[in-house]
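# Structural overview
This is what each chain is made of:
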Amino acid sequence: MKKISIIGASGSIGTQTLDVIRKDSGLSLIGVSVHSNMSKLKEIIMEFHPTAVAITSEKHYEEAKELLNELEFQGEVSFGIEGLIHIATLHEVDTVVTSLVGMVGLKPTVEAIKAGKNIALANKETLVAAGEIVMALADKYHVSILPVDSEHSAIFQSLQGSRHEEVEKIILTASGGPFRGRDKAYLKTVTKEMALKHPNWVMGAKITVDSSTMMNKGLEVIEARWLFDVGYDNIEVYVHPESIIHSMVQYRDNSIIAQLGAPDMRLPIQYALNYPHRALAVANELDLLKIGNLSFQKPDTDTFRLLDLAYTAGRRGGLQTAVMNSANEEAVELFLHDRIRYYRISEVVEETMDQFRNLGEITLDKVLETDIQVRDYVRRKFKEV
Ligand code: NDP
Ligand code: MG
């Protein structure tokens, strides 16, 4: 029986992870964190009986205490960032699923690694901000970072049985998001409602906006760079609107190996939780005959600037990807609160990256410090309405 903790259990990936655990008898849920969603916490406790829970939104502590009293919850209860770390380092847990959104995932992930836990990583922001540090720690503590992001799971699956020096390049596929084929003038008309509708996936608000700007693909390029130790010149992005091929690896003999599946996150989640084995299907079957055709296009990086900016940040190295990530998190937050217009997101990220150049060597403390400084800068400089 594999014992699992989920940090960010109440979100889109968290809920789908719960469904995998529900249907896979080899997995058992030990610890969870939620931020603000008390009804989800109640459902989780009643169905899965975890032995430890954490609540991270201070505004919800009282409500949580009342709920736990009402449920006569006998397990451990903790709060805030300390609570997250507690859930991520529980003694009996084998694998921690990091399905919370944003940079806040970095500290608990680092602590989980130090406690010898394998990580099923959905929280890509962690690797974008501090990939070099996190991968070195994983190496040092002999733990596996198992990708949950569908593209990285596809690459990981396509890499099985190969040697690193045989890999020529990685081809990340992208749906292109809801504004694929549109131009810059169109992006000026985009509203929150338009940005929050993704054609192929139902996800949390932040990643849905990131997918529409193609920042998500930029974050994934950086995530791939660290997960698979490949240079930016060897990572390409193809727009593939059907979202059936989840990504590919091209080898030195020009063979390309791809992983295909229905667009259903439960498949990569289940693979990460059962690796190196494959369990019985939880995700839906793929009907290729019904799909008929698959297509590929070059991304329009002139309109979707953030994809190019991610390569720029990655190549600059050091703290630039952390700066880019924090600027984007804050810009998306401002957009979701109607404080900036949609098309300004990429401008905010670009201007902030230029403002925070040459910050010296990357350390964990510096990443955390930079995050605070960048967010503060973005909030003060760009809050427009
Ligand atoms: P959601 O917004 O649906 O869920 C986010 C989760 O994080 C919730 O459990 C939420 O708690 C919690 N959370 C929010 N803010 C905080 C905070 N400040 N401190 C601690 N916990 C917090 O996001 P998704 O599930 O869509 O995405 C999660 C991660 O997975 C992201 O990094 C995303 O990029 C990645 N990912 C998602 C995919 C998807 O299909 N959704 C695909 C690939 C990667 P609560 O709801 O209780 O407030
Ligand atoms: Mg993805």
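Throughout what follows, the structure given in this document is the object of discussion. Note that the structure is a prediction, hence the values are computed from the model and not measured.

Lining the immediate environment of ligand 1, one finds 24 residues, of which S10, S12, S36, E125 and G204 sit closest. Measuring from an oxygen atom of ligand 1, one finds a backbone N or O atom of S12 at 2.8 Å. Note that an oxygen atom of ligand 1 is positioned 2.6 Å from one of the side-chain N or O atoms of S36. For the shell around ligand 1, the secondary structure elements donating two or more residues are α1 (12–23) and α6 (124–140).

Those protein atoms acting as donors to the magnesium ion (ligand 2) are D149 (OD), E151 (OE) and E220 (OE), and they sit at 2.1 to 2.2 Å. Read in sequence order, the donor residues coordinating the magnesium ion (ligand 2) give the pattern D-x1-E-x68-E. Of this pair, D149 sits in the loop between β7 (145–147) and α7 (150–159) while E220 sits in helix α11 (residues 215–228), and the two are 71 residues apart along the sequence. Side by side, D149 and E220 carry an identical accessibility label, which is buried.

Further remarks concern the sheet that holds β7. Here we have seven strands laid out as an open sheet, ordered β4-β3-β2-β1-β5-β6-β7, and parallel in their pairing. Each edge of the sheet is formed by a strand with only one pairing partner; in this case those strands are β4 (76–79) and β7. Across the sheet, the mean angle from the axis of one strand to that of its neighbour is 20°, orientation sign disregarded. Direction of pairing for strand β1 (residues 2–7) relative to strand β5 (residues 95–98): parallel, over a ladder of four bridges. The partner of S5 across the bridge, within β5, is V96.

Here I13 is to be found in helix α1. As a C-alpha pair, I13 and F356 span 343 residues in sequence and 32 Å in three-dimensional space. In this structure I13 touches S99, A122, V148, M265 and I269, once residues within four positions along its chain are discounted.

It is worth spelling out the nonpolar core at this point. Membership of the largest hydrophobic core comes to 121 residues, with the highest contact counts inside it found for I6, L41, I55, F228, M324, I345 and V367. Here this core gets nine residues from one element, more than from any other, and that element is helix α15 (residues 320–336). When near neighbours in sequence (up to four residues on either side) are disregarded, I6 contacts G14, T17, L18, I21, L29, G31, V32, S33, I87, V97 and S99.

Attention now moves to the packing of aromatic side chains. Within the structure shown, the criterion is met by ten aromatic pairs. A centroid spacing of 6.3 Å and a plane angle of 70° characterise the contact between Y232 and Y311, whose relative ring orientation is edge-to-face. Of this pair, Y232 sits in the loop between α11 and β9 (235–239) while Y311 sits in helix α14 (residues 305–316), and the two are 79 residues apart along the sequence. Accessibility expressed as a relative area gives 10% for Y232, which makes it buried. Counting every residue linked through ring pairs, the aromatic cluster contains F179, Y186, F335 and Y342. Positioned above the aromatic ring of F79 is the side chain of K65, whose terminal nitrogen or guanidinium carbon lies 5.4 Å from the ring centre. Across the ring face of Y186, the terminal group of R182 is positioned such that the distance to the ring centre comes to 4.0 Å.

This part is about the packing of α1 against helix α2 (residues 38–48). As a packed pair, α1 and α2 sit with axes 12 Å apart at the nearest point and diverge in direction by 10°. Accordingly, the angle class assigned to the pair α1 and α2 is roughly parallel. Contacts between α1 and α2 involve T15, L18, I21 and R22 from the first element and K40, I44, E47 and F48 from the second. Looking at the contact of α1 with α2 residue by residue, the class counts come to four nonpolar, one polar and three charged.

A few words now on the packing of α15 against helix α17 (residues 364–382). The contact between α15 and α17 brings their axes to 9 Å, and the two run at 40°. The orientation of α15 relative to α17 falls into the category oblique. The crossing of α15 and α17 is right-handed. Residues A322, V323, S326, A327, E329, E330, A331 and L334 of α15 pack against V367, T370, D371, V374, R375, V378 and R379 of α17. Looking at side-chain class alone, the contact of α15 with α17 contains eight nonpolar, two polar and five charged residues.

Rules used in this analysis
- Residues numbered from 1 in each chain as written.
- Chains lettered and ligands numbered in written order.
- Predicted model: local features only at pLDDT ≥ 70, side-chain atom pairs only at ≥ 80, totals over all residues.
- Heavy atoms only, no water.
- Near = heavy atom within 4 Å.
- Polar contact = N/O pair within 3.5 Å; in protein donor to acceptor, adjacent residues only side chain to side chain.
- Helix = DSSP H or I, 4+ residues; strand = E, 2+ residues; numbered from the N terminus.
- Donors = N, O, S within 2.8 Å, 3.2 Å for Na, K, Ca; no water.
- Buried < 20%, exposed > 50% of the residue type's maximum accessible area, 1.4 Å probe, protein only.
- Pairing = 2+ DSSP bridges.
- Axes fitted to C-alpha atoms, helices over the stretch in contact; angles between N-to-C directions.
- Contact = heavy atoms within 4.5 Å.
- Core = buried A, V, L, I, M, F, W, Y, C linked by side-chain atoms within 4.5 Å.
- Phe/Tyr/Trp six-rings, centres within 6.5 Å; stacked < 30°, edge-to-face > 60°.
- Lys NZ or Arg CZ within 6 Å of the ring centre and 35° of its normal.
- Parallel < 35°, antiparallel > 145°, perpendicular 65-115°, else oblique.
- Nonpolar A, V, L, I, M, F, W, Y, C, P; charged D, E, K, R; others polar.
- Left-handed = near helix turned anticlockwise from the far one by under 90°.

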